[in-house]
Amino acid sequence: MFMSRQPVLESCLLQRLHVRTRYRMLSRFTSPPAQLQVLPSVTRCWGARVYSCLGPRRSFAPPPSSPLTPFLPARSISSRVKYPTLTMLSPPRSPCPKSKVLVLGSGNFGSCLADHLGDSEHQVYLWSRKQEFVDYFNAHHRNPDYLKDHEFSGNIHAVGPDIPDADFIKDMDVILFAIPTQALRENLIKLRPNLILDRQPLLIFVNKGIETDTQALTLEIIADTCGPEIATRATFISGPSFAKEIVRRQPTSVSVASLDESQAQRATEIFHQPWFRCYTGGDPIGLELAGALKNVYAIAAGMADGLGFESNTRAAIITRGLAEMTRIGTAYGASPLTFLGLAGVGDLFMTCSSPTSRNYTVGYRLGKGEKLEDIIATLGSVAEGVTTAKGLKKIIDELGVEAAIATGIYEVLYEGKAVNDNVHELMARPPSRELDLPQTSGGGHAGRLLAKLGRQT
Ligand SMILES: NC(=O)c1ccc[n+]([C@@H]2O[C@H](COP(=O)([O-])OP(=O)(O)OC[C@H]3O[C@@H](n4cnc5c(N)ncnc54)[C@H](O)[C@@H]3O)[C@@H](O)[C@H]2O)c1
Ligand SMILES: O=P(O)(O)OC[C@H](O)CO
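This one's a predicted model, so the numbers in the text were calculated from it and none came from an experiment. Every chain is numbered on its own, with residues counted from 1 as its sequence reads. Written order determines the labels here, with chains lettered from A and ligands numbered from 1. Confidence filtering applies because this is a predicted model: local features only for residues at pLDDT of at least 70, side-chain atom pairs given and counted only at 80 or more, and all residues used for totals across whole chains, interfaces and linings. Note that water and hydrogens are dropped before the side-chain values are worked out from all heavy atoms of the structure.

Asker: Help me get a handle on the site of ligand 1, residues and values and all.
Answerer: Proximity criterion: a residue is near a molecule or strand once any of its heavy atoms comes within 4 Å of it. Around ligand 1, 23 residues are found, and the nearest of them are Asn 108, Phe 109, Ala 243, Arg 358 and Glu 384. Think of a polar contact as two N or O atoms within 3.5 Å of one another; within protein, one of them needs to be a possible hydrogen donor and the other a possible acceptor, and neighboring residues in sequence only count if both atoms come from side chains. At 3.1 Å, a backbone N or O of Gly 107 approaches an oxygen atom of ligand 1. Between ligand 1 and the protein, one listed contact pairs an oxygen atom with a backbone N or O atom of Val 382 at 2.9 Å. Within the complex, 89% of the 830 Å² of free accessible area of ligand 1 lies under protein. The definitions used throughout rest on a 1 Å grid laid over the protein atoms alone, on which a cavity is an enclosed set of points accommodating a 1.4 Å probe that cannot get out and a pocket is an open set flanked by protein within 12 Å on both sides along at least five of seven lines; lining residues are those having an atom within 4 Å of a point. For a molecule to be placed in a cavity or pocket, more than half of its atoms must lie within 2 Å of the grid points of that cavity or pocket. More than half of the atoms of ligand 1 fall within 2 Å of the grid points belonging to the largest pocket. Breaking the shell around ligand 1 down by element, the ones donating at least two residues are helix H4 (108-119) and helix H7 (184-191). Taken together, the residues that form the shell around ligand 1 break down as 10 nonpolar, 8 polar and 5 charged. An automatic or database domain assignment supplies the start and end points of every domain. The residues that make up the shell around ligand 1 include at least three from each of domain 2 (100-285) and domain 3 (291-449). Using a 1.4 Å probe, the Shrake-Rupley method yields the accessible areas, and only the shown protein chains count as cover for residues. Comment: elements are numbered from the N terminus, with helices defined as DSSP H or I runs of at least four residues and strands as E runs of at least two. Each residue gets one of three labels, nonpolar for Ala, Val, Leu, Ile, Met, Phe, Trp, Tyr, Cys and Pro, charged for Asp, Glu, Lys and Arg, and polar for the others, Gly among them.

Asker: Any chance you could break down the layout of surface pockets for me, citing the residues and the numbers?
Answerer: Grid points are joined across faces, edges and corners, and a volume is the space filled by probe spheres set on the points. When its volume is computed, the largest pocket comes out at roughly 1,200 Å³. Residue lining of the largest pocket: 48 residues in total, with Gly 107, Asn 108, Arg 358, Ser 381 and Val 382 positioned closest to the centre. Only H4, H7, helix H10 (243-246), helix H12 (284-306), helix H14 (342-352) and helix H15 (358-367) provide two or more residues apiece to the lining of the largest pocket. Its residues assigned to classes, the lining of the largest pocket comprises 18 nonpolar, 18 polar and 12 charged. When residues of the lining of the largest pocket are assigned to domains, at least three fall in each of domain 2 (100-285) and domain 3 (291-449).

Asker: Talk me through the pairing of strand E2 (residues 123-127); I want residue IDs and the actual numbers.
Answerer: On any regular strand, side chains alternate: one points to one face of the sheet, the next to the other face. Counting buried residues in E2 gives 4 out of 5 residues, a clear majority hidden from the surface. Any two strands are treated as partners once DSSP identifies two or more bridges connecting them. Here strand E1 (residues 100-104) pairs with E2 via 5 bridges, running parallel. In the sheet register, Val 103 faces E2, and the bridge partner there is Leu 126. Think of it like this: strands point away, you trace from the first strand over the helix to the second, and a clockwise trace means the crossover is right-handed. With H4 bridging E1 and its parallel neighbour E2, the resulting β-α-β unit is right-handed. Note: E2 against strand E3 (residues 156-159), 4 bridges, orientation parallel. Looking at E3, one finds that Tyr 125 is bridged to His 157. Using a 1.4 Å probe on the protein chains alone, a residue whose accessible area is under 20% of its type maximum counts as buried, one over 50% counts as exposed, and one in between counts as partly exposed.

Asker: With reference to specific residues and values, describe the site of ligand 2.
Answerer: For ligand 2, the full set of nearby residues is Lys 208, Gly 239, Pro 240, Ser 241, Phe 242, Lys 294, Asp 347, Met 350, Thr 351, Ser 357, Arg 358 and Asn 359. Within the backbone of Gly 239, one N or O atom sits 3.1 Å away from an oxygen atom of ligand 2. Ser 241 is positioned such that a nitrogen or oxygen atom in its backbone is 3.1 Å from an oxygen atom of ligand 2. In the complex, the protein chains occlude 93% of the 310 Å² of accessible area that ligand 2 would expose alone. A majority-of-atoms criterion places ligand 2 in the largest pocket. Secondary-structure elements contributing two or more residues to the shell around ligand 2 are H14 and H15. Sort the elements by how many residues they give to the shell around ligand 2 and H14 lands first, with 3 residues. Of the residues that constitute the shell around ligand 2, the class distribution is 3 nonpolar, 5 polar and 4 charged. Both domains that meet at the shell around ligand 2, namely domain 2 (100-285) and domain 3 (291-449), each give it at least three residues.

Asker: Describe the side chain of Lys 294, with residues and values.
Answerer: With respect to the helices, strands and loops of the structure, Lys 294 is situated in helix H12. Once residues lying within four places of it in the same chain are set aside, the contact partners of Lys 294 are Lys 208, Met 325, Asp 347, Leu 348 and Thr 351. Working rule for contacts: check all heavy atoms of both residues, and any pair within 4.5 Å makes them a contact.

Asker: Describe the packing of aromatic side chains, with residues and values.
Answerer: When two rings of Phe, Tyr or Trp (its six-membered ring) have centres within 6.5 Å they constitute a pair, described as stacked for plane angles under 30 degrees, edge-to-face for angles over 60, and tilted for the intermediate range. This model, assessed by the stated rule, comprises 8 aromatic pairs. Judged by centre distance (5.7 Å) and plane angle (20°), the rings of Phe 133 and Phe 137 are stacked. Remark: Phe 137 and Phe 133 occur in helix H5 (residues 131-140); sequence separation between them is 4 residues, near one turn of the helix. Each of the two residues, Phe 133 as well as Phe 137, counts as buried. With 6.2 Å between their ring centres and 20° between their planes, Tyr 360 and Tyr 364 make a pair best called stacked. Placement of both Tyr 360 and Tyr 364 in helix H15 is noted, with a separation of 4 residues, approximately one turn of the helix. Lying across the ring of Trp 275, Arg 249 places its NZ or CZ 3.9 Å from the centre. A ring has a charge above it when a Lys NZ or an Arg CZ is no more than 6 Å from the ring centre and no more than 35 degrees off the ring normal.

Asker: Hey, could you go over the sheet that holds E2 for me, with residue numbers and the actual values?
Answerer: Read from one edge of the open sheet, 8 strands run E3-E2-E1-E4-E5-E6-E7-E8, paired in mixed fashion. Bordering the open sheet on either side are E3 and strand E8 (276-281), each of which pairs with just one other strand. Ignoring strand direction, the axes of neighbouring strands in this sheet form an average angle of 25°. In this structure, strand E5 (residues 202-205) lies alongside strand E6 (residues 235-238), joined through 2 bridges in parallel fashion. From the neighbouring strand, Phe 205 faces E6, where its bridge partner is Phe 236. Think of each axis as a best-fit line through the C-alpha atoms, taken over the contacting stretch in the case of a helix, with angles from 0 to 180 degrees between the N-to-C directions. In the packing of H4 onto the sheet, the strands contacted are E1, E2, E3, strand E4 (174-177) and E8, and the crossing angle to E2 comes to about 170°. Most of the contacts of H7 go to E4, to which it runs at about 155°, and overall it touches E1, E2, E4 and E5.

Okay, here's the thing in structure tokens:
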């Protein structure tokens, strides 16, 4: 997944003796996973590498279908079962330098990334707007609402419920925002007076959505609330990354982008680990659009599955969804290449094909005949695609691009169109050319946004 198989096998052969010797030394203290002992030697070596590189977790229950399952210890998800740490075989990269990180938002993704950074020996403060969360987390090192089976890093301290004050913020090296897009503006407005410009921490945003009322991307919300200087340095992380898989240290890769690439590089240095690869880039607008739009197509894919359609239909939605989001992004003024990256096709593919996705689940349940209000009321977590579909519809209309799938999802969610009619209408359209990119003039919407930031297109 993150390296080609041939070099892996070659390096396995070279390291085989070394790894075996180290395992023998280690087995004085602990037994290696039984699975590693019964596999053929080369496979065992690869398994040992994967196992050692990823390191076992306090909570870990690999799904039966996981390709890593043969190499990983079967273990209860209960954290009462402790596993010896084998990370000494391939230790985490030490963070350079060790940072103080404030994570705003203690849902699935905020707490998962807090755990990732805590494991890398950063000093992490996890903010929640709920006092009960703060008390419970500090007493038990568990999240009472999300990822409930996971025991979190001891390097995390929960803070709240008030937004941290200026004294607290001035000590932070990094502030990571893991708050849903619709709630970001109000929180940035509260936080802005506490940010000192000449000692500005690295600001990282991981939300994936479009603000419904304004159709603003996060970059624009930051510019509106904090000014162009802060927005220009803001950094965005996106890509195929389910929280519950990150806390199990499943190999994960993401895109990291900022208009100021030195900031993206800083973020990469803080996040990059052998089990969490970061790829940097300079197109935050494309990265943001890709992350937001894939959620709308995940609703479409889930809906098709819920209706009982199978592989052909899902592959068509993913591929035509990619064509659509690339077209919208290009007309907006983003680079079409960004949509071929992890934040684009990577996340689109994953979210459209996994019931772990909340957006896919919304679509699936709609396909099964449930009402949107009932699904939202019982989902227990945010599905950004629902609100994004609304903001996106206005953007599509303004740009004048053809985006039949996204438009159909908007009509199902907000205009009462029946899911079956949506499929029939999509399929009954006349034939068209497969791949075309729109011409952009004047930099599109991105040009206006960049001008707001004082940047030339
Ligand atoms: N869960 C994932 O695997 C994942 C992966 C990548 C990106 N994301 C993105 O990260 C963002 C957060 O997702 P999540 O999975 O953590 O969502 P979640 O629903 O699990 O948690 C949302 C958190 O935000 C808090 N919150 C909600 N409204 C708030 C407000 N007005 N002020 C302050 N805090 C508020 C909630 O209390 C909760 O702690 C979303 O944009 C999502 O698309 C999620
Ligand atoms: O559960 P979803 O659909 O919000 O997807 C979560 C992440 O965006 C996957 O990368």
